[in-house]
Amino acid sequence: MVDRLSGISVFVQVADSGSFARASEQLGLTRSAVGKTIARLEERLGVRLFNRTTRAQSLTDEGQSFYERCQRILADIQAAEAALGGSDRSPTGVLRVSAPVLLGRLCVAPILVGLTRRHPSMELDLRFADHLVDLVEERIDLAVRIGPLPDRAGLIARSLDAFDMVVCAAPTYLATRGCPSDLSELPSHDCLPYARRGGRAEPWRFATKDGAVIEFAVGGRIRLDDLEAVAGAAVNGAGIACLPTWLVDSRLQSGQLVRVLNDHRALGNSVYAVWSQAAHAPSRVRVAVNELRQCMPARLARPYAAH
């Protein structure tokens, strides 16, 4: 069992650091020892965990799934150790958190504000920013991030869950333009792409019945770099949008928007809590991560529901 836990720790470190070489330095092991540990783990599991090339490595689909489970295991162990030491009972000091603007406002803030009410010795400094912040330079204790983590080196990451997207439109739009029943019909409709990165529209991703993922490039006369603006345009009948469940739940419940393409599951992203591994995480960080892991799944699914 000890060997298994050691192998899991090495695997998570390799995934977090982004390379076998960096992981070996951080663990104080030789690169050969790290490579052999991963090889033994892959042999025991019967799957390949990493795609390896001479220049880079990345997790396979099986590796990503195993990584997220291993993160939860290690987080539970850390929480158990902290609880035995009594450090989770009285977190103190200022907790500095960075979160994306909309996700932070709708999902993260209610959770962490509620946490501070239960721990009067803890203060919260929650900053909203959609750009990737440097945790060390900006003195951030904890960041909540959406999607792949391009800068894993030096960071510890814990999965908070994942969310789906909803393809939707206003009843007024559907009444005049009709309701698409298949992806092949989207090019004949006005779509509202989310163009966050340099004006490029984010593709819509769908899961097929056999588990594969397909990306569907959408275009339209209106491109917006703010998800709330995309939702507003959809409500006003400007076209069909693909939006996070946590953002449009209330609009779907009120009838302002209607789901379309119900037979196609639109995929969103995973959400992570990340913090620097340079120093021992204070109790306020551990308590916040545990609270986010416990409460975020419900928020991502139905943020406007009573909790």
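No experiment lies behind these values; they were computed from the predicted model shown. (Residues numbered from 1 in each chain as written. Predicted model: local features only at pLDDT ≥ 70, side-chain atom pairs only at ≥ 80, totals over all residues. Heavy atoms only, no water.)

Caption draft 1: Here's a closer look at the overall build of the protein. Regarding its fold elements, the protein presents 9 helices and 11 strands. When each of the 307 residues of the protein is scored for burial, the buried share is 47%. Nonlocal contacts in the protein, meaning residues at least 24 apart in sequence, comprise 73% of its contacts between residues at least 6 apart. As displayed, the protein offers around 15,700 Å² of accessible surface, 50% of which is attributable to carbon and sulfur atoms. (Helix = DSSP H or I, 4+ residues; strand = E, 2+ residues; numbered from the N terminus. Buried < 20%, exposed > 50% of the residue type's maximum accessible area, 1.4 Å probe, protein only. Contact = heavy atoms within 4.5 Å. Areas by Shrake-Rupley, 256 points an atom, 1.4 Å probe, with all protein chains shown as cover.)

Caption draft 2: Molecular detail of helix 8 (residues 245-254). Across the 10 residues that make up helix 8, a large majority, 7, are buried. Among the structural elements, helix 5 (101-118), strand 6 (155-169), helix 7 (227-235), strand 9 (241-244), strand 10 (258-259) and helix 9 (283-301) are those in contact with the buried residues of helix 8. One or two residues past the end of helix 8 sits Gly-255, with phi positive at roughly 90°.

Caption draft 3: Structural detail: unusual backbone geometry. Phi is positive for Arg-139, close to 55°, though the residue is something other than glycine. You will see that Leu-261, though not glycine, has its phi angle at about 55°, which is positive. You can see Leu-261 is positioned in the loop between strand 10 and strand 11 (265-276). Judged by its relative accessible area of 4%, Leu-261 falls in the buried class.

Caption draft 4: Highlighting the packing of aromatic side chains. Within the structure shown, the criterion is met by 5 aromatic pairs. Considering the side-chain rings of Phe-11 and Tyr-67, the 6.4 Å spacing of their centres and the 80° angle between planes classify their relative orientation as edge-to-face. Of this pair, Phe-11 sits in helix 1 (residues 2-17) while Tyr-67 sits in helix 4 (residues 61-85), placing them 56 residues apart in sequence. Tyr-67 shares its class with Phe-11; the two are buried. Ring centres 5.7 Å apart and planes at 65° place the aromatic pair Phe-20 and Phe-50 in the edge-to-face group. Highlighted residues: Phe-20 in helix 2 (residues 20-27) and Phe-50 in strand 1 (residues 50-52), separated in sequence by 30 residues. In this structure, Phe-20 and Phe-50 share a single accessibility class: buried. Cluster of aromatic residues (ring-pair linked, three or more members): Phe-11, Phe-20, Phe-50, Phe-66 and Tyr-67. (Phe/Tyr/Trp six-rings, centres within 6.5 Å; stacked < 30°, edge-to-face > 60°.)

Caption draft 5: A look at the pattern of salt bridges. Summed over the entire model, instances satisfying the criterion amount to 5 salt bridges. A salt bridge links Arg-118 to Glu-291, with the shortest nitrogen-to-oxygen separation between them at 2.9 Å. Placement of Arg-118 in helix 5 and of Glu-291 in helix 9 is noted, with a sequence separation of 173 residues between them. For Arg-265, the salt bridge identified is with Asp-164, shortest N-O distance 3.1 Å. Highlighted residues: Arg-265 in strand 11 and Asp-164 in strand 6, separated in sequence by 101 residues. (Salt bridge = Lys/Arg side-chain N within 4 Å of Asp/Glu carboxyl O.)

Caption draft 6: View of the environment of Leu-103. Residue placement: Leu-103 occurs in helix 5. Each C-alpha atom, one on Leu-103 and one on Pro-244, is 9.7 Å from the other, the two residues being 141 residues apart in sequence. Excluding residues within four positions of it along the chain, Leu-103 makes contact with Val-108, Val-144, Ile-146, Trp-246, Val-271 and Leu-300.

Caption draft 7: Highlighting the side chain of Thr-60. Note on placement: Thr-60 falls in the loop between strand 2 (57-59) and helix 4. We classify Thr-60 as buried; its relative accessible area is 5%. In this view, Thr-60 contacts Arg-48, Leu-49, Phe-50 and Asn-51; residues no more than four positions away in its chain are not counted.

Caption draft 8: Helix 9, seen in detail. Counted at 1.5 Å a residue, the expected span for helix 9 with its 19 residues is 27 Å, and the 28 Å between its end C-alpha atoms agrees. The largest bend along helix 9 reaches roughly 45° and is located at Cys-295, with the proline Pro-297 sitting one to four residues downstream. (Expected span 1.5 Å × (residues − 1). Bend = angle between axes of the 7 residues up to and from the residue.)

Caption draft 9: Up close: the pairing of strand 8 (residues 213-216). The pairing of strand 7 (residues 204-207) with strand 8 spans 4 bridges and is classified as antiparallel. Bridge pairing in strand 8 links Arg-205 to Glu-215. Adjacent in sequence and paired antiparallel, strand 7 and strand 8 are bridged by 5 residues, among which Gly-211 carries a positive phi angle near 95°. (Pairing = 2+ DSSP bridges.)

Caption draft 10: How the structure looks around the packing of helix 5 against helix 9. Their axes nearest at 10 Å, the elements helix 5 and helix 9 cross at an angle of 135°. What the angle tells us is that helix 5 and helix 9 run oblique. Considering the relative orientation of helix 5 and helix 9, their crossing is right-handed. Between helix 5 and helix 9, the residues in contact are Leu-103, Leu-106, Cys-107, Val-108, Pro-110, Ile-111, Leu-112, Leu-115 and Arg-118 and Val-287, Ala-288, Glu-291, Leu-292, Cys-295, Met-296, Arg-299 and Leu-300, respectively. Each residue belonging to the contact of helix 5 with helix 9 can be placed in one class, and the counts come to 14 nonpolar, no polar and 3 charged. (Axes fitted to C-alpha atoms, helices over the stretch in contact; angles between N-to-C directions. Parallel < 35°, antiparallel > 145°, perpendicular 65-115°, else oblique. Left-handed = near helix turned anticlockwise from the far one by under 90°. Nonpolar A, V, L, I, M, F, W, Y, C, P; charged D, E, K, R; others polar.)

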